[in-house]
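What the coordinates show
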Amino acid sequence: MQHALRFYLVVFSLVSLTTICAQPPLEIKELQKNFYVYTTFNTYQGKKFPANGLYVVSTAGIILIDTPWDTTQFKVLLDTIVSRHRLGAIMCISTHFHEDRTGGLNYFNNAGLATYSTRATDAISAEKGFPRANNLIDRDTVFMVGDMQMEVFYPGPGHTLDNIVVWFPRERILYGGCLIKSTDDSTLGNTKDGNLQEYAASVMRVKKRFPRPAWVIPGHQSWGNNRSVEHTLKMAKKYSRP
């Protein structure tokens, strides 16, 4: 009996250790050349939950889309980028006001990055006392950063009233943020700050403006399936105005 108990405890310890080691606080996966999805974790509804961001290597420096959700990973992400690419991050765009998108803005501001959000995001952040960007986007905008072109587009309310997406036209990569749901998701998730009735119309604008993306990066969960826009649209249509 004692031998069996010791065996159980050893196996349990090994399984626990493997589980702990299997999920680092920062995961970085190469999407394609110069494009990397980074994932951090925080607690949502009592469970550890992933949040995706993107960073892009340009000739001018590293472009970040959204900040880490885990507050311990702001410096780690910037240091890891320098270590891997011998380039520093120079700018960050936050795609809406929630903390999984803006939480690191104060740190990034102090680190010297040019941070950006829409004026709508800034107004909500100011009202709620959340971190704010040091540059504001007034309208749909095309950025040229080194050799990288990207378009910031506001399609209308959905996940939040201020959610935007980012499109890289040459590579046909759509960063959907939290407006776009992973094909792993069975619901639209947290919409308490959004608009369910307008959600489908907003996703349809994304679909029409950026057809046939090679990659679609949702704000949470897996991103290997590029049918996330269609999947989100199907779920959102259940709430559309008649």
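Being a predicted model, the structure only gives us computed values, none of them experimental. (Residues numbered from 1 in each chain as written. Predicted model: local features only at pLDDT ≥ 70, side-chain atom pairs only at ≥ 80, totals over all residues. Heavy atoms only, no water.)

1. Things to note about the pairing of strand E8 (residues 141-145)
- Examined bridge by bridge, E8 and strand E9 (residues 148-153) share five bridges and lie antiparallel to one another. The partner of Val 145 across the bridge, within E9, is Met 148.
- Turn length for the E8-E9 hairpin, with the two strands adjacent in sequence and antiparallel, is two residues, and the turn residue Gly 146 shows positive phi of about 60 degrees. (Pairing = 2+ DSSP bridges. Helix = DSSP H or I, 4+ residues; strand = E, 2+ residues; numbered from the N terminus.)

2. As for the environment of Met 150
- Locating Met 150 in the fold gives a position in strand E9.
- C-alpha of Met 150 to C-alpha of Ile 173: the two residues are 23 residues apart in sequence and 9.4 Å apart in space.
- The residues contacting Met 150, other than those within four sequence positions of it, are Ile 63, Ile 65, Met 91, Ile 93, Thr 141, Val 142, Phe 143, Val 145, Val 166, Trp 167, Phe 168 and Pro 169. (Contact = heavy atoms within 4.5 Å.)

3. Structural notes on the sheet that holds E9
- An order of E8-E9-E10-E11-E12 is seen for the five strands of this open sheet, with the pairing classed as mixed. Strand pairing shows two members of the sheet lacking a second neighbour, E8 and strand E12 (215-218), which therefore form its edges. On average, each strand axis in the sheet is tilted by 20 degrees relative to the strand beside it, whichever way the strands run.
- The sheet contact formed by strand E11 (residues 173-177) and E12 spans four bridges and is parallel. Following the sheet pairing, Tyr 175 is matched in E12 by Ile 217. (Axes fitted to C-alpha atoms, helices over the stretch in contact; angles between N-to-C directions.)

4. Side note on the environment of Ala 133
- By secondary structure assignment, the location of Ala 133 is in the loop between helix H5 (119-128) and strand E7 (135-137).
- The spatial distance from the C-alpha of Ala 133 to the C-alpha of Asp 122 is 7.1 Å, given a sequence separation of 11 residues.
- Those residues in contact with Ala 133 that lie beyond four places of it in its chain are Leu 105, Thr 115, Tyr 116, Ser 117 and Asp 122.

5. Brief notes about the pattern of salt bridges
- Enumeration over the complete set of coordinates arrives at nine salt bridges.
- Two residues, Asp 79 and Lys 75, come together in a salt bridge whose shortest N-O distance is 2.6 Å. With a gap of four residues between them, Asp 79 and Lys 75 both fall in helix H2 (residues 74-85), about one helical turn apart.
- A relative accessible area of 40% means that Asp 79 is categorised as partly exposed. (Salt bridge = Lys/Arg side-chain N within 4 Å of Asp/Glu carboxyl O. Buried < 20%, exposed > 50% of the residue type's maximum accessible area, 1.4 Å probe, protein only.)

6. Some words on the sheet that holds strand E5 (residues 89-93)
- With mixed pairing, seven strands are arranged side by side in an open sheet as E1-E2-E3-E4-E5-E6-E7. Looking at strand neighbours, the two that pair on one side only are strand E1 (26-32) and E7, the edges of this open sheet. Neighbour-to-neighbour, the strand axes of this sheet turn through a mean angle of 25 degrees, independent of strand direction.
- Pairing geometry for strand E3 (residues 47-58) and strand E4 (residues 61-65), over five bridges, is antiparallel. Pairing of Ser 58 across the sheet is with Gly 61, part of E4.
- This element, H2, spans E1, strand E2 (35-44), E3, E4 and E5 of the sheet and lies at about 45 degrees to E1.
- The strands touched by H5 are strand E6 (114-118) and E7; relative to E6, the strand with the most contacts, the crossing angle is about 95 degrees.

7. Quick look at the side chain of Asp 70
- Among the secondary structure elements, Asp 70 is positioned in the loop between E4 and H2.
- For the buried Asp 70, which has no salt bridge, the nearest side chain bearing the opposite charge is Lys 48, at an N-O separation of 6.7 Å.
- Of note is the side chain of Asp 70, whose polar atom sits 2.8 Å from the side chain of Thr 72.
- Every residue in contact with Asp 70, bar those within four places of it in the chain, is listed here: Pro 25, Thr 40, Phe 41 and Asn 42. (Lys, Arg positive; Asp, Glu negative; His and termini not counted. Polar contact = N/O pair within 3.5 Å; in protein donor to acceptor, adjacent residues only side chain to side chain.)

8. Observations concerning H2
- Compared with the 16 Å implied by 1.5 Å per residue over 12 residues, the 17 Å span of H2 between its first and last C-alpha is a close match.
- The set of residues buried in H2 consists of Phe 74, Leu 77, Leu 78, Ile 81 and His 85. Seen along its axis, H2 keeps its buried residues to an arc of 95 degrees; they face one direction.
- Next to the buried residues of H2 lie E1, E2, E3, E4, E5 and helix H4 (105-110).
- Arg 86 lies just past H2 and shows a positive phi near 55 degrees. (Expected span 1.5 Å × (residues − 1). Arc of directions from axis to C-beta.)

By themselves, these are just geometric observations and shouldn't be taken as functional.
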